[in-house]
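# Per-entry structural report
Each chain is listed here by its residues.
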Protein chains: 2
Amino acid sequence: MKYCSNCGKEIVKMIPEGDNIERYVCLHCNTIHYQNPKIIVGTIPIYEDKILLCKRAIEPQYGKWTIPAGFLELGERVEEGAIRETKEEANANVEIIKLQTVYSIPKISQVYLLFLAKLLDLDFSPGHETLATKLFSFEEIPWNEIAFTAVKFALKTYIDDKKNNRLEMTHVGFYPQHI
Amino acid sequence: MKYCSNCGKEIVKMIPEGDNIERYVCLHCNTIHYQNPKIIVGTIPIYEDKILLCKRAIEPQYGKWTIPAGFLELGERVEEGAIRETKEEANANVEIIKLQTVYSIPKISQVYLLFLAKLLDLDFSPGHETLATKLFSFEEIPWNEIAFTAVKFALKTYIDDKKNNRLEMTHVGFYPQHI
């Protein structure tokens, strides 16, 4: 960030009065440009004990497997965003069951909210950012080919919960502790 | 947003190629300025069946009661942010117990993540943005003087869970349905 998005003049980095963190500040129009972590929403779509995964057609992690997920948009609630991303990436229709995990990656200021969801039918197919969509049994999950630590954490906590009949829990994790 | 924060030139609102949502785009340096919902983190600090509330010293909702909460900062994980806000607003020391609620307010693109927390001692006092800090029993909570719907939702779900001995659950709600 170099210029003020409000007036177009150059900005400076400074600690505003009453604050204790450096912000981008415009000394011309006095706008403080706060920056905030981003939310990624997605689902673990379940169909008869199988999990729908998507093979990524874009960077980062091209060719790796993931669950359908992406950035929450303005004006969306978190479940809505998760359902939309599932539709966009896998053309899949899901119904939210519960929030499976909240996973922070402070190094890149991202917070994942990943929901367990019921895959409503087998009418799924790759979206524009996906090479392939496929149902995996727990044993078939390609752990070494999973794209993101947040996704690994979500899948592992779900499988553990399922085995231990603890299906109401939401798990809070973060990188690098919960890889 | 009127000017590009990268090059300072005027921006336009348009749907970029491969997208389906209008974004602020700079046609000079080709930067797409995505905008994202903001995360608010906070705690419900519990001490022997009482809840610590803060009387707001700032707008919006000056003079109303709330739980300690505020915007998540870059580089923070969600629990860290919740603990920091509790310290800033109530000078209170807490330990996270679990994620109590996730609450979306799509109209203003905010997502609250509110944690149940154990208040570790009685050494609390108002921070700069707080007029008063006080422990309330469930019966004493000033429901008509609570500042935000997300906070009401978090307090109500916690009290319900406590009464029904369902202390592991995380509740997902949104405005206007869950007021």
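Note that this is a predicted model, so its numbers are computed, not measured.

What counts and what doesn't
Residues numbered from 1 in each chain as written. Chains lettered and ligands numbered in written order. Predicted model: local features only at pLDDT ≥ 70, side-chain atom pairs only at ≥ 80, totals over all residues. Helix = DSSP H or I, 4+ residues; strand = E, 2+ residues; numbered from the N terminus. Buried ≥ 20, exposed ≤ 12 C-beta atoms within 10 Å, placed from the backbone. Contact = placed C-beta atoms within 7 Å. Expected span 1.5 Å × (residues − 1). Least-squares fit on C-alpha atoms with pLDDT ≥ 70 in both. Domains from an automatic or database assignment. Pairing = 2+ DSSP bridges. Core = buried A, V, L, I, M, F, W, Y, C linked by C-beta atoms within 7 Å. Nonpolar A, V, L, I, M, F, W, Y, C, P; charged D, E, K, R; others polar.

Another point: the overall build of chain A. Summing up its helical and strand segments, chain A has two helices and eleven strands in all. When the helices and strands of chain A are placed in sequence order, the string is β-β-β-β-β-β-β-α-β-β-β-α-β. Considering only C-alpha atoms, chain A reaches an extent of 60 × 35 × 30 Å along its principal axes. Scored against the burial criterion, the 179 residues of chain A give a buried share of 39%. Of the contacts made within chain A by residues no fewer than 6 positions apart, 62% connect residues no fewer than 24 positions apart.

The next subject is helix H2 (residues 149–163) of chain A. Residues and elements named next belong to chain A. In this model, H2 (15 residues) spans 21 Å end to end at C-alpha, consistent with the 21 Å of a helix rising 1.5 Å per residue. Residues of H2 that are buried: Ala150, Val151, Phe153, Ala154, Leu155, Thr157 and Tyr158. Of the surrounding elements, those touching the buried residues of H2 are strand E4 (38–47), strand E5 (50–56), strand E6 (65–66), strand E8 (94–105), strand E9 (110–119) and strand E11 (171–174).

Rotating chain A by 180° and moving it 0.0 Å along the rotation axis overlays it on chain B with an RMSD of 0.0 Å. Classification of the inter-copy transformation places it as that of a two-fold axis. Interface overlap between copies is the fraction of interface residues in one copy that are interface residues in the other; for chain A against chain B it reaches 100%, indicating a shared surface.

Domains assigned within chain A are domain 1 (1–35) and domain 2 (38–174). Placing the centre of domain 1 of chain A and that of domain 2 of chain A at their C-alpha centroids yields a distance of 36 Å.

The subject of this paragraph is helix H1 (residues 78–90) of chain A. Taking 1.5 Å per residue as the helical rise, H1(A) with its 13 residues ought to reach 18 Å, and the 18 Å between its terminal C-alpha atoms agrees with that figure. Directly after H1(A), the chain includes Asn91(A), whose backbone phi takes a positive value near 45°.

Moving on, we come to the sheet that holds strand E1 (residues 12–14) of chain A. The three strands are arranged E1-E2-E3 (chain A) in an open sheet whose pairing can be described as antiparallel. Each end of this open sheet is capped by a strand with a single partner; those strands are E1 and strand E3 (32–33) of chain A.

Counting residues in hydrophobic clusters, the biggest one holds 82 residues, and the most contacted among them are Leu113(A) and Leu113(B). Judged by nonpolar contacts, the second largest core, of six residues, contains Tyr3(A), Ile11(A), Tyr3(B) and Cys4(B).

On to the pairing of E11(A). Residue and element names in this part refer to chain A. Where burial is concerned, the two faces of E11 agree: the one with His171 and Gly173 and the one with Val172 and Phe174 are both buried. In the sheet, E8 pairs with E11 via four bridges, with the strands oriented parallel. Directly across from Ser104, in E11, lies its bridge partner Phe174.

The next thing to look at is the interface of chain A and chain B. The extent of an interface is frequently quoted as the accessible surface area lost upon association of the parts. Counting residues at the interface gives 35 residues for chain A, matched by 35 residues for chain B. Every element with two or more residues in the side of chain A that touches chain B is listed here: E4, H1, E8, E9 and E11 of chain A. In terms of residue count, E8(A) provides more of the side of chain A that touches chain B than any other element does, three residues in total. Grouping the amino acids of the side of chain A that touches chain B by side-chain chemistry returns 19 nonpolar, nine polar and seven charged.

All names here are of chain B. If you walk across this open sheet you meet the three strands as E1-E2-E3, and the pairing is antiparallel. Every other strand in the sheet has two partners, leaving strand E1 (12–14) and strand E3 (32–33) as the edge strands with one partner each. Sheet topology note: the E1/strand E2 (residues 23–25) ladder contains three bridges and is antiparallel. In the strand pairing of E2, Val12 is matched with Val25.

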